[in-house]
Amino acid sequence: MLTILRPSTIIDAMDLTRHLPDPDQVAEALAAVVALRQFADHYEERAVKLALKQGWSWAQIAEALGVTKQAAHRRLSHLKR
Amino acid sequence: MFKTLRIRFQDVRTIARLCTAAENIARAEPGSEHLVLASLDLPDGTARDAFARLGVSREAFAEAIQAQFADALGSVGLQVPAAEAAPPASAKPHSMLYRAAPSGQALIERMVHSPRRAARQPLAGADILLAVAEEQFSIAARAFARLGIRQEQLADAAMQALEGHAS
């Protein structure tokens, strides 16, 4: 079953301004950047799948993501409607 | 001359097999951590041998990859269960050209230019582990570190597996 994580349940504790990289922990900060990118990619995929399932058009999805329709389609068209 | 050609042909087949397996695991552009998992499927068995010497299973390494993502997200205050931190991506259409994530590309390049190549040894799964042992900050390196395996330990286990295979 397709479910989207509710932002309120996962980002409760998130306040990036309180988590700016500590100069002594640069490796951890860079690892967090990689993990955030991966997480954002997966979150985007799940949100777009849900949008397609609900009948959103690629034009609407692109607008919501702030990219062109061509860019959205090129990157995410492998997701099944 | 003939031996060199035969080894090169064998190496091309090994790299192709490795890349295909890594791509199937990553379901996108594979990084060095996916190449480590793929190396365990190679028929020479040296990567599996090295893992056995380290007392690590494929499942434990895969879990360590997920766990290091969860740790990294946790370090910026984002609490996500390990399974949700980096779930498998949706399968993307295969491109005509093989494309690996930068960490995967760098790893293959290092492996191909390893000193063992100069010694005209055919590539084997543990060569991937030997190349990964040079990494300090990659996802694969962090996963091994999470399992308590140091770079030298990984390199030693890989070398022993390769020597055992050659003899």
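That block above? That's the structure.
Scoring rules and cut-offs
- Residues numbered from 1 in each chain as written.
- Chains lettered and ligands numbered in written order.
- Predicted model: local features only at pLDDT ≥ 70, side-chain atom pairs only at ≥ 80, totals over all residues.
- Heavy atoms only, no water.
- Helix = DSSP H or I, 4+ residues; strand = E, 2+ residues; numbered from the N terminus.
- Buried < 20%, exposed > 50% of the residue type's maximum accessible area, 1.4 Å probe, protein only.
- Axes fitted to C-alpha atoms, helices over the stretch in contact; angles between N-to-C directions.
- Parallel < 35°, antiparallel > 145°, perpendicular 65-115°, else oblique.
- Contact = heavy atoms within 4.5 Å.
- Arc of directions from axis to C-beta.

A.B. asks: With reference to specific residues and values, describe the overall build of chain B.
C.D. replies: Counting secondary structure elements, chain B contains 10 helices and zero strands. Along chain B, from the amino end to the carboxyl end, the secondary structure elements read α-α-α-α-α-α-α-α-α-α. When the 167 residues of chain B are sorted by exposure, 47% land in the buried category.

A.B. asks: Can you break down the packing of helix α4 (residues 58-74) of chain B against helix α9 (residues 139-146) of chain B residue by residue, with the values?
C.D. replies: All names here are of chain B. The interhelical angle for the contact between α4 and α9, taken along N-to-C directions, is 105 degrees, at an axis separation of 8 Å. Put simply, α4 runs roughly perpendicular to α9. For the pair formed by α4 and α9, the contact residues are Phe61, Ala64, Ile65, Ala67, Gln68, Phe69 and Asp71 on the first element and Ile139, Ala140, Arg142, Ala143, Phe144 and Arg146 on the second.

A.B. asks: So what about helix α3 (residues 58-65) of chain A? Which residues, and what values?
C.D. replies: Residue and element names in this part refer to chain A. Within α3, the full set of buried residues consists of Trp58, Ile61 and Ala62. For α3, the buried positions fall inside an angular range of 100 degrees around the axis, keeping them on one side. Opposite its buried face, α3 presents the exposed residues Glu63 and Ala64, each directed more than 90 degrees away. Those residues of α3 that are buried are in contact with α2 (26-53) and α4 (69-76).

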